[in-house]
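Architecture and fold: a report
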Amino acid sequence: MPTLLLKNAALLATMDDADTRYTDGGIYIEDQVIRQVGPSSQLPTSADTVIDARDMVVLPGLVNTHHHFYQTLTRNLPAAQDANLFTWLRTLYPIWAGMTPEAIHVSTQVAIAELMLSGCTTASDHTYIWPNGARLDDQIAAAQALGFRFHAARGSMSVGESHGGLPPDRVVEDEAFILRDSRRLIEEYHDSERYSMLRVVLAPCSPFSVSPELMRESIALARSYGVHSHTHLAETRDEHRYCLEAFGRTPVELAEDLGWVGADVWHAHMVHPSAAEVTRLGRTRTGVAHCPTSNMRLASGIAPLRPLLHAGARVGLGVDGSASNDGSHMLAEARQALLLHRVLGDPAGLTALEALRLATRGGAEVLGRDDIGYLAPGMAADVVGFRLDTLGFAGGAVHDALAALVFCQPPQVALSVINGRVRVHDGQLLGLDLPALVARHNAIARALARGELR
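What counts and how
- Residues numbered from 1 in each chain as written.
- Predicted model: local features only at pLDDT ≥ 70, side-chain atom pairs only at ≥ 80, totals over all residues.
- Heavy atoms only, no water.
- Pairing = 2+ DSSP bridges.
- Helix = DSSP H or I, 4+ residues; strand = E, 2+ residues; numbered from the N terminus.
- Patch = residues over 30% accessible without salt bridge, like charges linked within 9 Å, V, L, I, M, F, W, Y side chains within 5 Å.
- Areas by Shrake-Rupley, 256 points an atom, 1.4 Å probe, with all protein chains shown as cover.
- Salt bridge = Lys/Arg side-chain N within 4 Å of Asp/Glu carboxyl O.
- Buried < 20%, exposed > 50% of the residue type's maximum accessible area, 1.4 Å probe, protein only.
- Polar contact = N/O pair within 3.5 Å; in protein donor to acceptor, adjacent residues only side chain to side chain.
- Contact = heavy atoms within 4.5 Å.
- Axes fitted to C-alpha atoms, helices over the stretch in contact; angles between N-to-C directions.
- Parallel < 35°, antiparallel > 145°, perpendicular 65-115°, else oblique.
- Left-handed = near helix turned anticlockwise from the far one by under 90°.
- Nonpolar A, V, L, I, M, F, W, Y, C, P; charged D, E, K, R; others polar.
- Core = buried A, V, L, I, M, F, W, Y, C linked by side-chain atoms within 4.5 Å.

Glancing now at the sheet that holds strand β20 (residues 421-425). Where strands meet in a sheet, backbone hydrogen bonds hold them as pairs that are either parallel or antiparallel. On the basis of which strands lie adjacent, the open sheet formed by 7 strands has the order β3-β2-β7-β18-β19-β20-β21 and mixed pairing. Only two strands of the sheet have a single partner each, and these edge strands are β3 (21-22) and β21 (428-429).

In structure tokens form, the structure reads like this:
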């Protein structure tokens, strides 16, 4: 059984219920599990791998609850730079229709690499467009090759423009096929065991791209297998109007009617629920992926974060699509959340510690995990470290090293351990030729935008 000893951390923040912190802290790991956490002097003195975390702040791996990996291929497109959600989607749907299995695989690697270098160790991705033979299997293979903890969402769209939906007809799928493929993926890949590296999620895209029947059947299928369900909800005023006109319900009311609430469900965005809907979402312990950067980028609004938390909803952070955030940096997202929820006048609208808890404990709760999100014996060995002796932290980390991660310039991670294995060391992603990956990704992105990808 391989062992790993991390010692001498300037600060080790466990993010446990008591907010336990250690100076000169350390962690002892056996295989994929944390066995001891505490002062370095109280840990074993040797292990198969020993890491000196001097001048680092160490904390649990960050958890990203909503993303669209494939969108790394279309970030910063001029035609979509100044658009709201519906216009942005109508601009990009025809471009995404040209993606290939390789495009899905390579963009997944790029997004995961970017997340890992920001301190993220677990993420859920929501791909809902599968053209030209692309499958969720292409993403799963990419995540497994990088040793990344992955909640793979089988997204889908089934209602095209000719039936009142937003996407073009050529990018939607047959609902019977969606359900068959969802069942196949669960049976082939889903691992519900503790410390699982791969779980499957069923994720019809949105009220304006799938039918109520698919929503009902998808969540019934998910619950029959004990897997979680995810969708976009209450993101924009346009969606609110669409749901009232098409269904006579607000987005949240529609979700409630279809059974899409509860501890096995989470929704991305939740920008525009009513006060009564916030109360009901909290009462049912429904999850929310808060995506502040994307919501600002697309002018969607400000989610009622504090009311959702007070009501009892499970809330984590999501970087959202790399073409509506244009980056995949979890600490940058935590910082954005802190700033956004102060902009209306409350200087303590969100604290640095609360932002980090959303990025760790909150994300784990949203994904239904009790084995990640904080550092303690028996938890999964997902650990990250950020160097404090850097230019961006000069004069900041000496006062409050943990808060510096949020208030100061968002750094890249120096160390990342996922499932007990070192994946980033001295700031370098191990086992991946990053320049070659970026070059191939850029070639695909250019060809995709020109309609020339084959």
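A grouping of Ile302, Val343 and Leu344 is seen on the molecular surface, where their side chains present a nonpolar patch of about 310 Å² in accessible area. The residue Ile302 is located in the loop between α9 (292-297) and α10 (305-311) in this model. We classify Ile302 as partly exposed; its relative accessible area is 33%.

With respect to the helices and strands, His290 occurs in strand β15 (residues 287-290). In this structure the side chain of His290 is engaged in a polar contact, spanning 2.8 Å, whose partner is the side chain of His341. Discounting chain neighbours no more than four positions away, the residues touching His290 are Asn295, Ala303, Leu305, Val315, Gly316, Leu317, Gly318, Ala337 and His341.

This next bit is on the packing of helix α2 (residues 101-117) against helix α14 (residues 434-450). Running from amino to carboxyl end, α2 crosses α14 at an angle of 130°, the nearest separation of the two axes being 10 Å. Classed by the angle they form, the pair α2 and α14 counts as oblique. Here α2 runs over α14; the crossing is left-handed. In contact with Glu102, Ala103, Val106, Ser107, Gln109, Val110, Ala113 and Leu117 of α2, α14 contributes Leu434, Leu437, Arg440, His441 and Ile444. Across the contact of α2 with α14, the residue classes tally to 8 nonpolar, 3 polar and 2 charged.

Put simply, helix α3 (residues 136-146) and helix α4 (residues 175-189) touch, their axes get as near as 11 Å, and they point 25° apart. If you check the angle between α3 and α4, you find them roughly parallel. Crossing hand, α3 versus α4: right-handed. The segment α3 lies against α4, with Leu136, Asp137 and Ile140 engaging Arg184, Leu185, Glu188 and Tyr189.

The next thing to look at is the nonpolar core. Core analysis: the largest hydrophobic core is formed by 121 residues, its most contacted members being Trp88, Leu89, Trp96, Met99 and Tyr128. Broken down by element, this core gets its largest block of residues, 10 residues, from α2. The residues contacting Leu89, other than those within four sequence positions of it, are Trp96, Tyr128, Leu166 and Phe208. Listed in part, the 20 residues of the second largest apolar core include Ala9, Leu375, Met379 and Val383.

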